[in-house]
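Understanding the architecture of this molecule
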Amino acid sequence: MSVFDRRYEMMPRAELEQLQLERLQALLVRVRRSVRRYRERLADIRVETLADVAQLPVTTPDDMVEAFPYGMFALPLREVIRLHSTMGPDGRPLVIGHTRNDLAQWGRLAARQFAAGGVTANDVIQVCLGEGLQRGTSGYELGAEQIQAPVIAEDPFHIDYQLAMLQNYRPTMLVTTPTNAIELVRMMEQRKIDPPSLNLRTVLLSRPVDDETRDQIRAGLLVAVKCNFGVDEVLNPGLCVECESGQFHVNEDHFLVETHSGELIVTTLGREAMPLLRYATRVSCEIVHEKCSCGRTGAILKPGPRLDRRLRVREMSVYEEQIAEVLNQMLPAERPFRIDVLERQVLISVQMTADIFTDTVWPIANLQREIESEVLARLGIDAEVRFRQTCPLTQP
Amino acid sequence: MLLQVKNLRSGYGSLEVVHGISLHVCAGEIVGLLGANGAGKSSLLKSIVGLLSPWRGEIYVNNRRTFGQPAWRGVSHSMVLVPEGRQVFGDMTVRENLLMGGFHNPDRKMTLDVVLERFPRLGERLGQMAGTLSGGEQQMLAFGRALMARPRLLLLDEPSMGLAPLMVKEVFNEILKMKDLGVTVLLVEQNAAATLKIADRAYVMETGDIIIEGLASDLLHNPEVKRAYLGKGYKEVWE
């Protein structure tokens, strides 16, 4: 497997740490000058070693919500050429801006992951992440441009269409979600399609999966399986590279990572439009500094579960508060409810009370349907609503 | 790393003009140090070579600590400064200037032949007084004089200053050729566009601080570089 940016990915630690210190010091000068929130919090703090980063204030997702939309930007909007939105705490929106250089850097960082997966200019890449995950799609497309591999700029909305594209366009790499990959495996088994009849060599999954899922995809599609790990507010993809030994190496020339009470904290060292200083990612993580046989020198991340109440329903992120908001609008008064995430949908159990009870079935069935379609329309997830006499609350 | 600077502070009298700067240069690189007038670029360079006593920080040349050492010691660490405004010895001939550059080089006669091959125009004017050369020729002489010491790291302070545009182009071509000779270059310049075209990486300085480090190709399009030069009032536009 090849290394896209040998100089930075395999940079000796002493040089890498010097580079990080330089970029961190420059970042502090920039944010102190251009972002009011940082100027107020940083005061006269200066960092002279990388360990001094612990003195700097932490940026939380709530800070980003408060600064919505452009309060965290370090450059005026006219310098920003791309705006992405992502989901903040409780489903509130966040805006991520990119300058021209930010996009170029994003492409190079995503290309590192492609190169580690063996992609060259001779490959064809299909990016199929489904609705609502378009941010990642941009990064992968920019990365493919850097590798100069053709990328299929179309996201099939149905698995049948996707299979047809795999058969017709003959991509060699598929970037997709674990759910979609598993569905593809099942469908090919059902239709008795021989995996080698597709040209796929590698599948890059949008998030880390357990070994069992990885093996299932590997065996079902007869491909090499790589995973991505990223944080949307920081960069996704592009935060790290999964090497041939299956380790997530942080792109430490662009990100300074640390953990605080088991939570991954990231400082963006190179981002121009919206630099983040010690961003608390709400993802649990372990950081290991050890030599890897692949030769990359970036620290190894071992990501764990999320630390907030974000749920994942068929690769869509959702917060309980978002579902509560829909329920509160659809029902006469706030009432206890419970959420269970199933494989394909979310089961919402709502307590039945006298004000919505009727002795005929259809008004209740109608209300259920209305809530289900509203959840689908607003949050993009399939839901099943059930009214129950008593309803134990969801444990946070 | 051929040159490593960490948290360097220096200034004049009680006035600090370099506020804790870190930078590094790897072997074989051309690294640009950009900034407007008064940003502290030349002071930083002088502090690195020892012409200005640094106050605090660390400086390593070829992994040897050189912080606080006198400027002449730098030459024995294979580090040579080509100062701003050329500073050739005007009352000495071109040949004498060149030999002066290689004062501690035992093979200076041999090196002289190499330098003259590189700058043939100097060969034509060996007996001429350096002060009578044109600005561009004086710059070539300053380069030649520096190369006489067989440096590994060359620090160039504003080599294009006061030169005609055509000559500037030639000077930058010569700097690019230094790389082929295996000489590493830290280039301090105000001419950002020209520097970023030949450099591998660059740092941008503003009022004594480095505000950005990056690949030269990225910095060509960086709004901060424009701002550092033009001083546009970007502050708090969206706040």
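For the structure, see preceding data.
The paragraphs below set out a description of the structure included in this document. (Residues numbered from 1 in each chain as written. Chains lettered and ligands numbered in written order. Predicted model: local features only at pLDDT ≥ 70, side-chain atom pairs only at ≥ 80, totals over all residues.)

**Quick look at helix H3 (residues 94-101) of chain B**
All names here are of chain B. Just so we agree on the cut-off: Using C-beta atoms placed from the backbone, we call a residue buried if 20 or more other C-beta atoms fall within 10 Å of its own, exposed if 12 or fewer do, and partly exposed for counts in between. Strands here are runs of E lasting at least two residues and helices are runs of H or I lasting at least four, both read from the DSSP assignment and numbered beginning at the N terminus. The arc in question is the one spanned by the directions pointing from the helix axis to the C-beta atoms. Contact between two residues is assigned whenever their backbone-derived C-beta positions fall within 7 Å.
Listed as buried for H3 are Val 94, Asn 97, Leu 98 and Gly 101. All buried residues of H3 fall inside an arc of 95 degrees around its axis, so they share one side. Packed against the buried residues of H3 are helix H4 (108-118), helix H5 (120-124) and helix H6 (135-147).

**Some points on the sheet that holds strand E17 (residues 346-351) of chain A**
To summarise the sheet geometry, strands pair through backbone hydrogen bonds and adopt either a parallel or an antiparallel arrangement. Residue and element names in this part refer to chain A. How we decide: Pairs of strands are assigned from DSSP output, requiring at least two bridges between the strands. Axes, fitted as lines to C-alpha atoms, cover a helix only where it is in contact. Angles between the N-to-C directions of the axes lie from 0 to 180 degrees.
The three strands lie next to each other as E16-E17-E18, forming an open sheet whose pairing is mixed. For this open sheet the edge positions go to strand E16 (337-341) and strand E18 (383-388), each flanked by a neighbour on one side alone. Taken pair by pair, the neighbouring strands of this sheet meet at an average axis angle of 20 degrees, ignoring direction.

**What about the packing of H3 of chain B against H6 of chain B?**
All names here are of chain B. Heads up, the rule is: Two helices crossing with the near one rotated counterclockwise from the far one by less than a right angle form a left-handed crossing, whereas a clockwise rotation gives a right-handed crossing. Amino acids are sorted into nonpolar (Ala, Val, Leu, Ile, Met, Phe, Trp, Tyr, Cys and Pro), charged (Asp, Glu, Lys and Arg) and polar (every other residue, Gly among them).
At a minimum axis separation of 6 Å, H3 and H6 run at an interaxial angle of 35 degrees. Our pair here, H3 against H6, has a crossing hand that is right-handed. On H6, the residues that touch Val 94, Asn 97, Leu 98, Met 100 and Gly 101 of H3 are Leu 141, Gly 144, Arg 145 and Ala 146. Tallied by class, residues from the contact of H3 with H6 come to five nonpolar, three polar and one charged.

**As for the environment of Ala 194 of chain B**
All names here are of chain B. Along the chain, Ala 194 falls in helix H8 (residues 192-198). Residue Ala 194 is classed as partly exposed on the basis of its C-beta count, with 19 C-beta atoms lying within 10 Å. Along the backbone, Ala 194 and Ser 160 are 34 residues apart, and their C-alpha atoms lie at a distance of 9.6 Å. Beyond its immediate chain neighbours, meaning those up to four positions away, Ala 194 contacts Ser 160, Val 168 and Phe 172.

**Describing the interface of chain B and chain A**
Opposite the 24 residues of chain B that make contact, chain A presents 27 residues. Those elements giving two or more residues to the side of chain B that touches chain A turn out to be strand E1 (3-12), strand E2 (15-25), strand E10 (209-215) and helix H10 (223-230) of chain B. Per-class residue counts for the side of chain B that touches chain A are nine nonpolar, eight polar and seven charged.

**Digging into unusual backbone geometry**
Residue and element names in this part refer to chain A. Here the residue pair Phe 68 and Pro 69 is connected by a cis peptide bond, since its omega of 0 degrees sits within 30 degrees of zero. Secondary-structure assignment places Pro 69 in the loop between helix H4 (61-66) and strand E1 (80-87). Put simply, Asn 236 and Pro 237 share a cis peptide bond, and its omega is 0 degrees. Of note, Pro 237 is situated in the loop between strand E7 (224-227) and strand E8 (240-242).

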